[in-house]
Amino acid sequence: MNGKTQTRRDFIKNSAIIGAGLVFYKPTDILANDKGIIMNKNLKVKGYAAFDESGVIKPWEFERRPVGDNDVLIEIKYASICHSDIHQEKGDWGKQQYPQVPGHEIVGIVTKVGKNVTKFKVGDRAGVGCMVDGCTECENEEQYQPDTLFTYGYPDKRDPTGITQGGYSTHIVVRDHFVVHIPENISFQEAAPLLCAGITTYSPLMKAKFKKGDKVGVAGIGGLGHMAVKLAASMGAEVYAFTTSADKKDDILGFGAKEVIVVDSSEKLAPYAKTLDYMISTIPAQFDVAAYAATVKPYGFFTQVGMPKGFELTLSNIGFAANRVNFNASLIGGMKETQEVVDYCAKNKIYPQIEIIDAEEITQAWQNVIDKKARYRYVIDSATI
C-alpha cells in the first residue's frame, strides 16, 4: 500500500469518537436519547466541493439535514476518488447544481443513530457507496429503482442545499438501509474503494457465473479495472488484462492476471479473437467496443461498466452481428452484494492498491486520473478537510 500509514484516529474509543463527532455542533442543536444523539437542527460540516465545471475542488462549509428516525450519522475517516466524480462535476453527464460535494466511496464511524435503527450502533465501522436513500424492499435491485437517491448531486428536498452532498466531507447522514458494516480485519482506507470500484466489478462478475479456469478478459485497468482483475483471479479465472498503458504491465501481473495485452493498436486484439469466455470493460470513454467484444467466444457475454461522457457508447452493429457476442451493461450493485464484496475482500485479503492524499491535493489527483497516472485509487484522509 502506498501513501501515509493509518492514522491513530482509527483506534479512538467510542467515547472519544462521540466527542470528535460533535466538534462542529452547538450544544443547542443536540437532543440526547437512549439511541445515541439525535440532531434536531441542520448539521454544520466541512467539505471540498466543485463550484463549476473547471475540475477545481475547493473547501466549503455547508449544512446537512438532521438525523431522522431511520438514519445514521457517520463521521467520515476516508473517502476515495472515482472517475465518476470527475465526469459528473465537469458536466460530462449533464448540467450540475453547484456547489456540489462529490465522493461515493466513504468509510467512517457511526456517531449517531435514529430511534428506529437496529442494524447499527454508535461506534460501529460503517461504509457508504453510491446510494443514500430509496427503496428498502427491493433487495439487491435498489440501484435500479426510480426513487433512489444517489450520493451526490441528486435533488433532495430534505437537504438544506437542495441536493445530496457526497463524501469529500467530514460527516454524512444516510438512511440505515444504505450503510454497510466494515469488518475489523480491513483498514478503512483499503475498504473505501470497495464501495464503488469493488461492487461495480463484483456484481457483474458474480452474475457471469464463470467457472474456475475460464478465461475472463478485463478491459481498462484503472481504479475499477484493477479490482476486476483481483476479484476474477481470486475466483479462479484465467485473467487477460487489456490496457493502453504499457507501464502498468508489471503491476497488473502482480494483481493476478495471467497475461497483459497492451492495446496500442487494434491489431493487438486480433490474436485473441473468440478465445475468452467473458469480458468486463471498465473503460470510461468512447472506444471500439465490437473489436474488444470479438475476443469473446460467440454467444458469450461482454459487460460494460465504464460510463463515458454523455453516458453513450457508439456500437458497431455489423461488428456485433459478426462476432455474435451478447452486449450488456451493469450499474454498481445492490446493498446485499455491497456487503458481500466488502466481507469477501476482507476475508480473502483482496485489497485495492491505493495512495493516501490530503484534501488539498484533490484537484491534482483528479488531473492525474484523467492523465492515467493514478496507481490505482486515490484515498482522501478526511482529517485534512
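Residues numbered from 1 in each chain as written. Predicted model: local features only at pLDDT ≥ 70, side-chain atom pairs only at ≥ 80, totals over all residues. Heavy atoms only, no water.

Draft legend 1. Just the overall build of the chain, in detail. Of regular secondary structure, the chain possesses ten helices and 19 strands. Scored against the burial criterion, the 385 residues of the chain give a buried share of 57%. Carbon and sulfur atoms make up 52% of the accessible area of the chain, which amounts to about 15900 Å² in all. (Helix = DSSP H or I, 4+ residues; strand = E, 2+ residues; numbered from the N terminus. Buried < 20%, exposed > 50% of the residue type's maximum accessible area, 1.4 Å probe, protein only. Areas by Shrake-Rupley, 256 points an atom, 1.4 Å probe, with all protein chains shown as cover.)

Draft legend 2. Looking closely at the pairing of strand 4 (residues 57-64). When strand 3 (residues 43-50) meets strand 4, the two strands line up antiparallel, connected through eight bridges. Paired with K44 across the bridge in strand 4 is E63. Counted along the chain from strand 3 to the antiparallel partner strand 4, the turn is six residues long, and its residue G55 has a positive phi close to 85°. (Pairing = 2+ DSSP bridges.)

Draft legend 3. Highlighting the confidence of the model for the chain. Overall, the prediction assigns the chain a mean pLDDT of 91, with 90% of residues at 70 or greater. Here residues 1-39 scores under 50 on pLDDT; set against residues more than four positions off or in separate chains, the count is 85 contacts. (pLDDT = per-residue confidence, 0-100. Contact = heavy atoms within 4.5 Å.)

Draft legend 4. Focus on the environment of D288. Within the secondary structure, D288 is located in the loop between strand 15 (276-281) and helix 7 (289-293). Look at D288 and you get partly exposed, because its relative accessible area is 45%.

Draft legend 5. Main features of the pattern of salt bridges. Taken as a whole, this structure holds 18 salt bridges when the rule is applied. The partner of K115 in a salt bridge is D69, and the shortest N-O contact between them spans 3.9 Å. Remark: D69 occurs in the loop between strand 4 and strand 5 (71-80) and K115 occurs in the loop between strand 6 (106-113) and strand 7 (125-128); sequence separation between them is 46 residues. Of the residues examined, K115 reaches a relative accessible area of 53% and is grouped as exposed. Here D264 and K268 are joined by a salt bridge, their closest N and O atoms 2.9 Å apart. Residue class for D264 comes out exposed when judged on its relative accessible area of 55%. Of the residues examined, K268 reaches a relative accessible area of 35% and is grouped as partly exposed. Where salt bridges share partners, they join D133, D156 and R158 into one cluster. (Salt bridge = Lys/Arg side-chain N within 4 Å of Asp/Glu carboxyl O.)

Draft legend 6. Molecular detail of the layout of surface pockets. In this structure, the second largest pocket encloses a volume near 260 Å³. Along its surface, the second largest pocket is lined by 20 residues, and P204, K207, A208, Y278 and T303 are the ones closest to its centre. Of all the secondary-structure elements, those providing two or more residues to the lining of the second largest pocket are helix 4 (197-208), strand 15, strand 16 (296-304) and strand 17 (326-329). Here the lining of the second largest pocket gets four residues from one element, more than from any other, and that element is helix 4. Residue composition of the lining of the second largest pocket, by class: nine nonpolar, six polar and five charged. (1 Å grid on protein atoms, 1.4 Å probe; cavity = no way out; pocket = protein on both sides within 12 Å on 5 of 7 lines; lining within 4 Å. Points joined across faces, edges and corners; volume = space filled by probe spheres on them. Nonpolar A, V, L, I, M, F, W, Y, C, P; charged D, E, K, R; others polar.)

Draft legend 7. Structural detail: the pairing of strand 7. Covered by surrounding structure in strand 7 are R125 and G127 together with A126 and V128, the residues of both alternating faces. Looking at chain direction, strand 6 and strand 7 are connected through four bridges and run antiparallel. What sits directly across from I106, in strand 7, is V128. Here strand 7 runs beside strand 11 (residues 179-181); their pairing, made up of three bridges, is antiparallel.

Draft legend 8. Examining the side chain of K112 more closely. Along the chain, K112 falls in strand 6. Although K112 lies buried, it forms no salt bridge, and the closest oppositely charged side chain, E75, sits 7.0 Å away as judged by the N-O distance. (Lys, Arg positive; Asp, Glu negative; His and termini not counted.)

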